[in-house]
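Geometric and topological summary
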Amino acid sequence: MEENYQNRTAFIKGAKDIAKEVKRQAAKKVGRGVDRVTDEYSKRSYSRFEEDDDDDYPAQGNQDGGYYHSDSQAANDDEGGHSDSTEGHDEDDEIYEGEYQGIPRADSGKASEGPAGGPGSIGAGGQQFKDPVAHEAERRKDQEELAQQYETILQECGHGKFQWSLYFVLGLALMADGVEIFVVGFVLPSAEKDMCLSEQSKGMLGLIVYLGMMVGAFLWGGLADRIGRRQSLLISLSINSVFSFFSSFVQGYSTFLFCRLLSGVGIGGSIPIVFSYYSEFLAQEKRGEHLSWLCMFWMIGGIYASAMAWAIIPHYGWSFQMGSAYQFHSWRVFVLVCALPSVAAISALNTMPESPRFYLENGKHDEGWMILKQVHDTNMRAKGYPERVFSVTTIKTVKQIEELVEIGTDTPVWLRYKIKLTSLTQQVRSNFLACFNPEYKRTTFMLMAVWFTMSFSYYGLTVWFPDMIKYIQKQEYASRTKYFSKERVEHVTFNFTLENQVHRQGQYFNDKFLNLKMKSMVFEDSVFEECYFEDITSSNTFFRNCTFIASLFYNTDLFKYRLINSKLINSTFLHNKDGCMLDFSDDNNAYMIYFVSFLGTLAVLPGNIVSALLMDKIGRLRMLAGSSVISCVSCFFLMFGSNESGMIALLCLFGGISIASWNALDVLTVELYPSDKRCTAFGFLNALCKLAAVLGISIFQSFVGITKAVPILFAAGALAAGSFLAVKLPETRGQVLQ
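Here the structure is a predicted model, which means the values were calculated and not measured.

With that out of the way, let us pick up the sheet that holds strand β7 (residues 507–509). Spatially, β4-β7-β9-β12-β15 is the arrangement adopted by the 5 strands of the open sheet, whose pairing is parallel. Edge positions in the sheet fall to β4 (488–490) and β15 (567–569), since each of these pairs with one other strand and no more. When strand polarity is set aside, the average angle formed by the axes of neighbouring strands in this sheet is 10°. Across 3 bridges, strand β9 (residues 527–529) lies against strand β12 (residues 547–549) in parallel orientation. Residue F528 lies in a different strand from β12, and its bridge partner there is F548.

Below, the structure is given as C-alpha cells:
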C-alpha cells in the first residue's frame, strides 16, 4: 500500500511538472505574440494587405479586415499590460499630424523597411538605386489592391446626398461646355455687322472655338492627373469665365477672336475632368447610369444658349454706344449671360472636395480618408442613420516615384518656377506617353479611331444640317424673285422697301428714293437721270451696266462696289453712311438658327434617358455599337430631306439616336484607364474629337448646294467603321474602377 502511495505521489508530481512546463511555454508564446502586436501598433502598421511572414506566431485580432477597426487592442489590454496604454509611449509612438482628428496613420511599406540601420532599412538616397521595373511592378500591385479596396469603401459610403450634390455642381461645368459650342453660331448674324466680317472671317471665328477646346482638353486633362481634378477644373473654368467676359466688351475682330480662343482653351478641360472626377465617387453598379444622367447637362447648356439668344439678341434696345468707336449691342449682352454657368460652377465647386482617389494614388492617405469619411457621414445623415460610424481605418496608398530636384536657397524666384514648370511638363509628357505603353496601346488606338469617326460624322452633319436649311431657304427665296423689263418710271417717289426684284433695261427720270431698304435688288442695263437717293440701306443690291446722269446720293450705303461697270455722269455722293461695306443675311435667319438649335438639342432628351436606364443593364459596348449602327442607317434618310421641315425632323432624329453612342463612349473611356492616366487619356481623346470636328465641318460645308450624296456617304461610312471598331473594345460593365 505504501508503494502505491509513493507511485501516486510521483505521478502527481510529474503531472504538475508537465503542467508547469506547458504553462511556461504557452506564456512564452503568448508573450512573443503580444510583443509582435504591440510592435505593430507602435509603428502604426495598419495596412490591410500586409503579408504575415511569421506563421508560428500570428497577430492577434481580426486579420480578414485589416482596414477595419479590430479587437486587437482590447486583446492586448487583457493579456497583461503589453500595450502602449499601460507601458507608455516610446519614441516611435509620437503623435503625427492629423492624429488629433482621429485619422489613422497610413504606414504602408514602412514596416518592411524596419528601423534605421536595421536589416530591412536602406540608406539615405538608396531609393534612387531601386530597380525601376520592380518599382513599377510594386506600384501596379498597389493600384490593383487600392482599386479593390476603394470599391468596397464606396459600397460602404453608399450613394446619396453627397453624390447628388456633386452631380449638380459638375453638371454646371458640363453645361458651360454645351453653351460654349453654340455662342459663336448665335452671335454671328449680329456680330458680323458690328465687326464687318467677311465669309472667311466668319468661318475662322466658328472654328477657333474648336481649336481652343482641342488645346484645352489636352492641357487640362494632363494637368488634372498631376495637380488634381478639382484644382484643374477651377483654373480652366476661371479662364473660360474671364475671357468670355472680356469678349463681350472688346470691339475689334482680332481681339474678339483671341478672347474666344482662350475661352475655348479654358472650357476644353470641362468634359475630360468632369467625367473622371464624378466617376471616382461612384460605385460600379451606379457608375454607368449616373455618368449618363450627367450628360444631360450638356443638352441643358444648348437649350439655355438657344433660349437666351432668342430672348436677348433681337432686343436691339438693350444697347448703348459711345460715339462711333464703342458699341455695346444686345448680342454682347448674350455673350455676357453665357458666362454665367461657368461662374456658377466655380462658386459651387469651391464647396466640393478633391477626388479621394487622386489623393490615394498620390500617397496622401489622410486627405483621402477624411473625404471618404465626409462622403459616408453626409449620406448616412441624409438617409436617417447618423449613428453609423465610418469603419475604415486605413486605405491602401500607391508607392510614389521620387523625383528630386535640387533648388538652392539662393536660386532666383523665376528660376524656381521655371524648374517646377519644367518638371511638371515632363511628368505630364511621360504620363501621356504611358497611354501608348504595350499594356494600353491597343485600347488607345481603338478609342482614337472610334472618337475620330464619331466626331467627324456627328459634328460634320450637325453643322451641315443648318447650312442645308439655309441653302433650301435661299432656293425658295430665289424662286419668288420678280422680274421687270423695259419699264419707264417718271416723277415717282419710292419710300417703301424694295425686295427680291430684278429690273432690266429700265429708264428712271426724276425719281426719288427716300428712306427705304433695298434687299436683294438688281438693276441691269438701266438709266437713272436726275434721280435723288437719300437715306438708303441696302443688302445684296447691285447696279450692273447702269448709267447715272445728274443724280445725287445723300446718306446712303450705295458704295461704289455696288456699281458694277456703271457710269457716273455729273453725279455726286454726299455723306455716305459709315460702317461695314459687306452684305449680310436677313435677321429672320437668326430666328431660324435659334429655333433649329433648340429643337436639335431638345431632341437628344429621349436618347439620354434610354441610355441612362440601359447603360448598366445591356453594357457599354452594346449601347455604343447599337446606337452607331442605327445612326448609320438613319443617315440614308437624309436623301429624302427636300424641304425645310423635313431637314429639321431628320436633324432631331439623328441627334436623338447618336447621343446614346456618346454617353457609352464617355463611360468606356473613363473605365478603360487607371486613375493616374484617366484624365490624360480622356483629354487627349477629346482633343482628337475636336480636331475631327474641325475636319468634318470643313469638308461637309464644301458640299452644301452641290450634292447630298457625298456628305451622307462620308457620315455613314465613318459611323459604320466606328461601330465595327467599338465591338473590339473590352467591356467594362461590372468591373471596379482601375
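Continuing now.
Take the confidence of the model for the protein next. Summing up the model confidence of the protein, the mean pLDDT is 77 and the portion of residues at 70 or higher is 77%. Mean pLDDT values over the elements of the protein span from 38, in helix α3 (residues 84–87), up to 93, in helix α14 (residues 340–349). Note on residues 105–129: pLDDT is under 50 here. Beyond four places in sequence and across chains, it has 25 contacts.

Moving on, we get to the packing of aromatic side chains. Counted under the stated rule, the structure contains 52 aromatic pairs. With 6.2 Å between their ring centres and 25° between their planes, Y458 and F654 make a pair best called stacked. Taken as a pair, Y458 in helix α18 (residues 441–479) and F654 in helix α22 (residues 644–671) lie far apart in primary sequence, 196 residues in all. Taking 5.5 Å as the distance between ring centres and 65° as the angle between the ring planes, the aromatic pair formed by F548 and F553 counts as edge-to-face.

This part takes up helix α23 (residues 678–701). The first and last C-alpha atoms of α23 sit 34 Å apart over 24 residues, in line with the 34 Å expected at 1.5 Å per residue. When you tally the buried positions in α23, you get 19 out of 24 residues, the bulk of the element.

Of note, N240 is situated in helix α8 (residues 229–247). Those residues within four positions of N240 in sequence are excluded, and the remaining contacts are E180, S263, G266, I267 and S342.

The next point concerns the packing of helix α10 (residues 270–279) against helix α11 (residues 284–294). Relative to each other, α10 and α11 sit at 145°, their axes nearing to 10 Å. For α10 against α11, the interelement crossing comes out right-handed. On the side of α10, the interface is formed by V274, F275, Y278 and S279, while α11 contributes R287, H290, L291 and L294. Of the residues belonging to the contact of α10 with α11, the class tally is 5 nonpolar, 2 polar and 1 charged.

So, about the side chain of S661. Topologically, S661 is positioned in helix α22. Look at S661 and you get buried, because its relative accessible area is 2%. Not counting the four nearest positions on each side in its chain, S661 is found in contact with M454, L624, S627 and S628.

Strand direction decides the pairing type here: strand β10 (residues 532–539) and strand β13 (residues 552–556), joined by 4 bridges, are parallel. Among the inter-strand pairings, E534 is bridged to a residue of β13, identified as Y554. Where β13 meets strand β16 (residues 572–574), 3 bridges bridge the pair, whose relative direction is parallel. If you follow F553 over to β16, its bridge partner there is F573.

Together, V629, V633, F637, M639 and F640 make up an exposed nonpolar region whose accessible area comes to about 510 Å². Along the chain, the position of F640 falls in the loop between α21 (620–635) and α22. Residue classification places F640 among the exposed positions, given a relative accessible area of 65%.

Let us now look at the pattern of salt bridges. Applying the stated criterion across every chain yields a total of 14 salt bridges. Salt bridges linked by common partners bring E151, R287, D616, R620 and E671 together as one network.

The next point concerns the environment of V375. Within the secondary structure layout, V375 lies in helix α16 (residues 365–382). Residues V375 and F281, 94 residues apart in the sequence, show an inter-C-alpha distance of 8.7 Å. When residues no more than four places from it in sequence are discounted, the contact partners of V375 are C157, F162, Q163 and F281.

Within an α-helix, residues lying three or four positions from one another point in the same direction, as the helix has 3.6 residues per turn. The terminal C-alpha atoms of helix α17 (residues 413–434) lie 32 Å apart, and with 22 residues this matches the ideal 32 Å at 1.5 Å per residue to within 8%. Restricting attention to buried positions, one finds in α17 the residues S423, Q427, V428, N431, F432 and A434. In the core, the buried residues of α17 are packed alongside α7 (199–227) and α23.

Here is what the cut-offs are and how they apply
- Residues numbered from 1 in each chain as written.
- Predicted model: local features only at pLDDT ≥ 70, side-chain atom pairs only at ≥ 80, totals over all residues.
- Heavy atoms only, no water.
- Pairing = 2+ DSSP bridges.
- Helix = DSSP H or I, 4+ residues; strand = E, 2+ residues; numbered from the N terminus.
- Axes fitted to C-alpha atoms, helices over the stretch in contact; angles between N-to-C directions.
- pLDDT = per-residue confidence, 0-100.
- Contact = heavy atoms within 4.5 Å.
- Phe/Tyr/Trp six-rings, centres within 6.5 Å; stacked < 30°, edge-to-face > 60°.
- Expected span 1.5 Å × (residues − 1).
- Buried < 20%, exposed > 50% of the residue type's maximum accessible area, 1.4 Å probe, protein only.
- Left-handed = near helix turned anticlockwise from the far one by under 90°.
- Nonpolar A, V, L, I, M, F, W, Y, C, P; charged D, E, K, R; others polar.
- Patch = residues over 30% accessible without salt bridge, like charges linked within 9 Å, V, L, I, M, F, W, Y side chains within 5 Å.
- Areas by Shrake-Rupley, 256 points an atom, 1.4 Å probe, with all protein chains shown as cover.
- Salt bridge = Lys/Arg side-chain N within 4 Å of Asp/Glu carboxyl O.

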